[in-house]
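# Summary of structural features
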Amino acid sequence: MLKELLNAKSINIYLILLKEYRRLGLDEVELVILMNLFLDNENGIYVLKFKKLTQRMSISVNECEEKMQGLMNKGFVEIRVEYDKQNRATEYFDLNPTL
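Calculation rules
Residues numbered from 1 in each chain as written. Predicted model: local features only at pLDDT ≥ 70, side-chain atom pairs only at ≥ 80, totals over all residues. Heavy atoms only, no water. Pairing = 2+ DSSP bridges. Helix = DSSP H or I, 4+ residues; strand = E, 2+ residues; numbered from the N terminus. Axes fitted to C-alpha atoms, helices over the stretch in contact; angles between N-to-C directions. Parallel < 35°, antiparallel > 145°, perpendicular 65-115°, else oblique. Contact = heavy atoms within 4.5 Å. Nonpolar A, V, L, I, M, F, W, Y, C, P; charged D, E, K, R; others polar. Core = buried A, V, L, I, M, F, W, Y, C linked by side-chain atoms within 4.5 Å. Buried < 20%, exposed > 50% of the residue type's maximum accessible area, 1.4 Å probe, protein only.

### Considering the pairing of strand 2 (residues 89-94)
Here six bridges tie strand 1 (residues 78-83) to strand 2, and the two strands are oriented antiparallel to one another. If you follow Ile-79 over to strand 2, its bridge partner there is Phe-93. Linking strand 1 back to strand 2 in an antiparallel pair, the connection comprises five residues, with Asn-87 at a positive phi of about 65 degrees.

### Some points on the packing of helix 2 (residues 13-20) against helix 3 (residues 28-42)
Running from amino to carboxyl end, helix 2 crosses helix 3 at an angle of 175 degrees, the nearest separation of the two axes being 11 Å. Relative to helix 3, the element helix 2 is oriented roughly antiparallel. Packed against helix 2, whose contacting residues are Ile-13, Tyr-14, Leu-17 and Leu-18, the element helix 3 presents Leu-31, Leu-34, Met-35, Phe-38, Leu-39 and Glu-42 at the interface. Here the contact of helix 2 with helix 3 is built from residues that sort into nine nonpolar, no polar and one charged.

### A short note on the nonpolar core
In terms of nonpolar packing, the biggest core is built from 22 residues, with Ile-33, Leu-34, Leu-37, Met-68 and Val-77 touching the most fellow members. Secondary structure elements with two or more residues in this core: helix 2, helix 3, helix 4 (50-55) and helix 5 (61-73). Considering each element in turn, this core owes the most residues, five residues, to helix 3. Excluding residues that lie within four positions of it along the chain, Met-68 makes contacts with Ile-33, Leu-37, Leu-48, Phe-50, Leu-53, Val-77 and Ile-79.

This is the structure:
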């Protein structure tokens, strides 16, 4: 139901996250990463690119990877890896666990 409300623009996920991030067990960096992922998701971007994500923030790629692992461990994000015919990996993020 929450996902349907979000898709219908009936709720503002950014406002909810901003108000409740501490209660959700997030730190400020995790909050900004999660908000950026929701923004990408709204724009139809589901491929996870740490370098692009860190260009919008003031953290290193290593810190972003560590924080993303924390978000996965806390159940906010899932990552899946798909391989093409040349066996190149692409990582996709899924925010459904948050919803």
